[in-house]
Amino acid sequence: MGFKAGIVGLPNVGKSTLFNALTQASTAAVANYPFCTIDPNKAAVPVPDKRLGQLAEIYNSEKIVPTQLEFMDIAGLVKGASQGEGLGNQFLSHIGETDAILHVVRCFEDPDVVHVEGKIDPISDIEVINMELAIKDLEIVTSWLNKTSGPARSGNKDAKAITAVSEKLQKALSVGKWVSTVSIDAEEMPFVRAMNLLTIKPVLYIANVSENDAHKGNAYVEKVRAFAKSQGSDVVMISAKIESELAALSPAEQKEFLASLGLEETALNQMVHAGYKLLKLISFFAAGPKEVRAWTVREGSTAPEAAGQIHTDFREKFIRMEVVSADDLIKLRSMNTCKEKGVFRTEGREYIVRDGDVVHIKI
């Protein structure tokens, strides 16, 4: 389990350039005109985690298997997308397949790269996309309401519940509010999830800047940060152009290049860290001589739930989990030493798995 993130934004904000850099593959067409991308480009990308290599050294493992995340490069949306403008309905349906939205915002000036609105205004750009998603959700909610209002009047219990929550969502969406801002009860949530709405998805804003602004940012980025804060979202500042150059370098060359720019990590690392935080994900490890493998679960997952990520049968047949933290194991260099120091534990079905746990599951 990783997560699937849809990269969205207006045309010509750098989405496909960023996608190519992140996947280190030129699979997405890049051009200076709107709707260069039509079908969504997809790529599964290994999640970088230095702990994997460190654990592999301890076990002398033959293979390292990172967890993966999937990026989907969705075509540029424009004003009127919810009514089909610029093939918008097709593009919006692709967003429904994702777990999170990475909203790329243009925070650079370049007279050679046209802007679909003819001006550089990141907040206006964000509001265009956000409104189109809200309008599309309004259409979806209204459709559900039309289907359930009749049965609700006839006394159908589920139809009544769906109608009630649909009316609440319709009221918010009709004034441009996102579903994520609406108070939804636990009893209502299953019905809301069934609607597969767009504006309930968590959003990470990607401020795409020029090479010159990659270290300190600019006034455009500060506006995006202020807007994101008001929405309870985060911002990652990236120069897609720099990331494209980095993608062609070896790891050692990448490190040297980043240092020369005053940067510590690549855009991929930044986005993975922010994406994990966004979706409340953690990684745990299974380690041995054959391989070291990373697995991903949501925060708060129990030991049997985590075991089920490795194999579905493990959840039902779970007996116990032997656990040591990767940090302790990397520091002490052997499982026997971890046992001697008292940092090795045996946990039962109620144990909540933590980020960095190295586990051995008994079934």
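Residues numbered from 1 in each chain as written. Predicted model: local features only at pLDDT ≥ 70, side-chain atom pairs only at ≥ 80, totals over all residues. Heavy atoms only, no water.

Considerations on helix α4 (residues 122-153)
Piece 1. Helix length check: α4, at 32 residues, gives a terminal C-alpha distance of 46 Å against a target of 46 Å (1.5 Å per residue), a fit within 8%.
Piece 2. At K147, α4 is bent by approximately 30 degrees, the largest bend along its length, and proline P151 sits one to four residues beyond.
Piece 3. A positive phi of about 100 degrees marks G155, the residue just after α4. (Helix = DSSP H or I, 4+ residues; strand = E, 2+ residues; numbered from the N terminus. Expected span 1.5 Å × (residues − 1). Bend = angle between axes of the 7 residues up to and from the residue.)

Comments concerning the pairing of strand β2 (residues 41-46)
Piece 1. Residues N41, A43 and V45 point to one face of β2 and are all buried, whereas K42, A44 and P46, pointing to the other face, are not buried.
Piece 2. When β2 meets strand β4 (residues 68-73), the two strands line up antiparallel, connected through 6 bridges. By the bridge assignment, A43 is partnered in β4 with F71. (Buried < 20%, exposed > 50% of the residue type's maximum accessible area, 1.4 Å probe, protein only. Pairing = 2+ DSSP bridges.)

What about the side chain of T98?
Piece 1. Topologically, T98 is positioned in the loop between α3 (88-95) and β5 (100-106).
Piece 2. From its side chain, T98 meets the backbone oxygen of A100 in a polar contact 3.4 Å long.
Piece 3. Every residue in contact with T98, bar those within four places of it in the chain, is listed here: K4, A5, G6, M72, I74 and K201. (Polar contact = N/O pair within 3.5 Å; in protein donor to acceptor, adjacent residues only side chain to side chain. Contact = heavy atoms within 4.5 Å.)

Thoughts on the sheet that holds strand β6 (residues 203-208)
Piece 1. On the basis of which strands lie adjacent, the open sheet formed by 6 strands has the order β2-β4-β1-β5-β6-β7 and mixed pairing. Looking at which strands have only one partner, the edges of the open sheet turn out to be β2 and β7 (234-238). Across the sheet, the axes of successive neighbouring strands diverge by a mean angle of 25 degrees, strand direction being ignored.
Piece 2. Contacts from helix α1 (residues 15-23) reach β1 (4-8), β2, β4, β5, β6 and β7, with the element oriented near 35 degrees to β2.
Piece 3. Taken strand by strand, α4 contacts β5 and β6, and its axis lies near 145 degrees from that of β5. (Axes fitted to C-alpha atoms, helices over the stretch in contact; angles between N-to-C directions.)

Notes on the pattern of salt bridges
Piece 1. Summed over the entire model, instances satisfying the criterion amount to 13 salt bridges.
Piece 2. Measuring nitrogen to oxygen at the nearest pair gives 3.9 Å for the salt bridge that ties K4 to E70. Here E70 lies in strand β4 and K4 lies in strand β1, a separation of 66 residues in the sequence.
Piece 3. Across the salt bridge formed by E211 and K241, the nearest N and O atoms sit 3.7 Å from each other. Pair noted here: E211 is in the loop between β6 and α7 (219-231) and K241 is in helix α8 (residues 240-247), with a separation of 30 residues, a long-range link.
Piece 4. For E211, a relative accessible area of 32% corresponds to the partly exposed category.
Piece 5. Accessibility expressed as a relative area gives 52% for K241, which makes it exposed.
Piece 6. Overlapping salt bridges bring together D49, R51 and D355 as one network. (Salt bridge = Lys/Arg side-chain N within 4 Å of Asp/Glu carboxyl O.)

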